[in-house]
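# A structural walkthrough
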Amino acid sequence: MKIDIQKITNGEESLVIRYKEPNSTVDKILEILDGTDNKLWGRTDAGRQCTNLKEILYLESVDDKVFAYTRDNVLKIDGSLYSFLSGLEDDNFFRCSKSTVINIAMVKALKSLSSNRIDATMVNGEHILISRRYAVDFRRLLKGDR
């Protein structure tokens with residue numbers, strides 16, 4: 001991708017994006033320009049829907065499909081949990097098991113369990129287990145050691 005940047009001293013600022021086919025890079029640039037880069041698009045029974053990242057309780061991968069759960073909705077999103085986390089600049093999301101990512105800001109209570117696991121109670125009352133593989137990193141995160 002070729003990038004041309006020009007500084008101007010007068011006149012109106014403008015930005016031109018040229019592409020052959022829509023792709024993830026172009027989509028991300030448009031999201032940033034629209035101010036919607038903190039939004040997540042997904043599909044529900046009613047069609048495509050957008051939700052704010054702050055409203056997501058957790059994401060779960062089931063049968064190679066990724067679902068984002070909010071208090072009152074479930075969205076099927078494209079991609080994988082890894083692609084979701086790698087394209088994210090929000091530190092509130094934490095991978096807590098092989099198939100689940102939680103929004104730490106939506107955790108209401110934590111309880112230590114046997115085998116070094118953690119039970120996270122979300123604000124909607126749902127319980128998410130943080131596996132022992134990720135529990136050490138989660139405890140470190142809570143202490144502020146990132």
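Data block above holds the structure.
### Some remarks on the overall build of the chain
When its secondary structure is counted, the chain shows 3 helices and 10 strands. The N-to-C order of helical and strand elements in the chain reads α-β-β-β-β-β-α-β-β-β-β-β-α. Across the 146 residues that make up the chain, the buried fraction comes to 29%. Considering only intrachain contacts with a sequence separation of at least 6, the fraction spanning at least 24 residues in the chain is 36%. Accessible area for the chain stands at about 10,600 Å²; split by element, carbon and sulfur atoms hold 47% of it. Counting 23 positive and 22 negative side-chain charges, the chain places the averaged centre of each group 7 Å from the other.

### Let's talk about the pattern of salt bridges
In the structure shown here, the tally under the stated rule is 2 salt bridges. Two residues, R43 and D78, come together in a salt bridge whose shortest N-O distance is 2.8 Å. One end of the pair, R43, is in strand β1 (residues 39–44); the other, D78, is in the loop between β5 (74–77) and α2 (81–86), and 35 residues separate them in sequence. Looking at D78, the relative accessible area reads 56%, which means it is exposed. Of the charged contacts, one joins D137 and R140 as a salt bridge, the two residues approaching to 3.0 Å between their closest N and O atoms.

### A few points about a nonpolar patch on the surface
A cluster of nonpolar side chains, namely M1, I3, I5, L15, I17, Y19, I29, L30 and L33, defines an oily patch on the protein surface of about 970 Å² accessible area. Note that M1 resides in the segment before α1 (24–34). M1 sits in the exposed class, given a relative accessible area of 75%.

What counts as what
- Residues numbered from 1 in each chain as written.
- Predicted model: local features only at pLDDT ≥ 70, side-chain atom pairs only at ≥ 80, totals over all residues.
- Heavy atoms only, no water.
- Helix = DSSP H or I, 4+ residues; strand = E, 2+ residues; numbered from the N terminus.
- Buried < 20%, exposed > 50% of the residue type's maximum accessible area, 1.4 Å probe, protein only.
- Contact = heavy atoms within 4.5 Å.
- Areas by Shrake-Rupley, 256 points an atom, 1.4 Å probe, with all protein chains shown as cover.
- Lys, Arg positive; Asp, Glu negative; His and termini not counted.
- Charge placed at Lys NZ, Arg CZ, Asp CG, Glu CD.
- Salt bridge = Lys/Arg side-chain N within 4 Å of Asp/Glu carboxyl O.
- Patch = residues over 30% accessible without salt bridge, like charges linked within 9 Å, V, L, I, M, F, W, Y side chains within 5 Å.

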